[in-house]
Amino acid sequence: MNIFVVNSGSSSIKYQLFRWPSERPVSSGLVERIGQEQGSITHKVFDLNNPEAPATELRLSRTLPNHEAGLREVVRLLTEGAERVIQSPGEIAVVGHRVVHGGEKFAATTRITPEVKAEIKSLFALAPLHNPANSLGIDVAEQLFPQARQVAVFDTAFHQTLPEYAYRYALPTELYTEQRIRKYGFHGTSHQYVAAQAGAYLGRPDARLITIHLGNGCSMAAVHGGRALDTTMGFGPLAGLVMGTRSGDLDPSVLLHLLGPLGYSAEQVSALLNKESGMLGLTGFSDMRDIGQALAAGDERAELGYALYAYRIRQYIGAYAAVLNGLDAIVFTAGVGENDALVRSRVCQQMDFLGLQLDEAKNQQRLPGLRDVSLPDSRARILIIPTNEELEIARQCAELIAAS
Ligand SMILES: Nc1ncnc2c1ncn2[C@@H]1O[C@H](COP(=O)(O)OP(=O)(O)O)[C@@H](O)[C@H]1O
Ligand SMILES: CC(=O)OP(=O)(O)O
Ligand SMILES: [Mg+2]
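Anyway, here's the lowdown on the structure attached to this text. (Residues numbered from 1 in each chain as written. Chains lettered and ligands numbered in written order. Predicted model: local features only at pLDDT ≥ 70, side-chain atom pairs only at ≥ 80, totals over all residues. Heavy atoms only, no water.)

## Remarks on unusual backbone geometry
Reasoning step 1: The step from tryptophan 20 to proline 21 runs through a cis peptide bond, and the omega angle for that step is 10 degrees.
Reasoning step 2: Relative to the assigned elements, proline 21 resides in the loop between strand E2 (13-19) and strand E3 (24-32).
Reasoning step 3: Despite not being glycine, histidine 187 shows a phi value in the positive range, around 60 degrees.
Reasoning step 4: With respect to the helices, strands and loops of the structure, histidine 187 is situated in the loop between helix H5 (173-177) and helix H6 (188-202).
Reasoning step 5: Classification of histidine 187 by relative accessible area gives buried; the value is 7%. (Helix = DSSP H or I, 4+ residues; strand = E, 2+ residues; numbered from the N terminus. Buried < 20%, exposed > 50% of the residue type's maximum accessible area, 1.4 Å probe, protein only.)

## Things to note about the site of ligand 1
Reasoning step 1: Near ligand 1 there are 13 residues, and of these Lys14, Asn216, Asp287, Met288 and Gly335 occur at the shortest range.
Reasoning step 2: The backbone of valine 336 places a nitrogen or oxygen atom 3.3 Å from an oxygen atom of ligand 1.
Reasoning step 3: Here ligand 1, which alone exposes 580 Å², has 76% of that area covered by the protein.
Reasoning step 4: Taken together, the elements giving at least two residues each to the shell around ligand 1 come down to helix H10 (288-296) and helix H12 (334-339).
Reasoning step 5: Broken down by element, the residue count for the shell around ligand 1 peaks at four residues, all from H12. (Near = heavy atom within 4 Å. Polar contact = N/O pair within 3.5 Å; in protein donor to acceptor, adjacent residues only side chain to side chain. Areas by Shrake-Rupley, 256 points an atom, 1.4 Å probe, with all protein chains shown as cover.)

## Things to note about the layout of surface pockets
Reasoning step 1: In this structure, the second largest pocket spans a volume of roughly 840 Å³.
Reasoning step 2: In terms of lining, the second largest pocket is formed by 24 residues, of which the most central are Phe235, Gly236, Leu238, Leu255 and Leu273.
Reasoning step 3: Elements with a minimum of two residues in the lining of the second largest pocket: helix H7 (252-259) and helix H8 (266-275).
Reasoning step 4: The greatest single-element share of the lining of the second largest pocket, amounting to five residues, is contributed by H8. (1 Å grid on protein atoms, 1.4 Å probe; cavity = no way out; pocket = protein on both sides within 12 Å on 5 of 7 lines; lining within 4 Å. Points joined across faces, edges and corners; volume = space filled by probe spheres on them.)

All we've got here are geometric facts, nothing functional implied.
Right under this line is the structure:
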């Protein structure tokens, strides 16, 4: 069986095609800069007979006006030419979609029906950078793979185990009971995946873990025995850590001041907090690689940005060690967490009171796979675990299909 996983972002699509039940990736790739003048596709094909062999990689530049054009190009790469891996779209049995906001309705992976699509649409305002792109990805996949089963895996689902005192805000009860205003949490598929990997590595399924997902969006989770106890994102994916373009935690008085005396509209506030804040607002760059370069060149704004970014993570490590009443490991994952040694180094400084001691030499090495970068006598481990949201989504799709 072939399972195709689509992770649609606002201007990009990540995808992986898996052969099941072997879980072998057949092909994977990234479509970038959709809607800009020149889009690009990086498409990898793996050798199924030799998993150790490096993947064949194709890089294409194309004008990709929208997600449909991007996904059509991916289907062409999968089905045509010398590197094709399937004969026709009909060979794909299941398409798994990452959907960022599932509200309270979806605590589990779900077959996509017209009702499910309507529910995803009803959550557009709460995840404006994500749910519209996810919804579009579903529409396009239904056209391109009409015979496949379409399945949604929600970022919010893993966090449905939070206790009520962790997910409720101190607002009048009706705002929860009638308007469902509460903490939902995001990146759940990634937190779940790396927590399971960490538990297996430690040989401790009951491990007390803090998982730190640092991509464009950033969030942390306190996980005990594979269950989420708290997470930094909230009602939407704006709360908590400093992100590429999102502010993270903010005193609500700032919003009142923007909306009142400063005369911002709700749309302007949304654009400000989602697209113009975070590292972009602090340093002028949203991509951590650019900020690293500016920092190396002595840029003071980059220095402050780095300091604030790391400080917020450190604050939540302290908070979540208290939530967990102990700590077995912290886990760095996603684009920044996996690649940026300086961020990890800043976060782990003076954390020995929690038993965290970084091995700086190991931290600086660039190696693939799970890495333990703590000193041998560090009481709690410091792990780098590459996330694989697509594999976790494929697993959840396969479980749903097997159970139905
Ligand atoms: N080598 C690297 N060093 C530092 N940051 C990196 C590196 N590679 C990628 N990143 C950062 O990772 C982030 C993107 O992470 P990713 O997990 O792909 O995010 P998303 O899934 O939200 O698009 C970007 O800020 C990028 O700068
Ligand atoms: C929910 C979220 O922030 O996702 P991403 O990091 O992919 O933007
Ligand atoms: Mg991501």
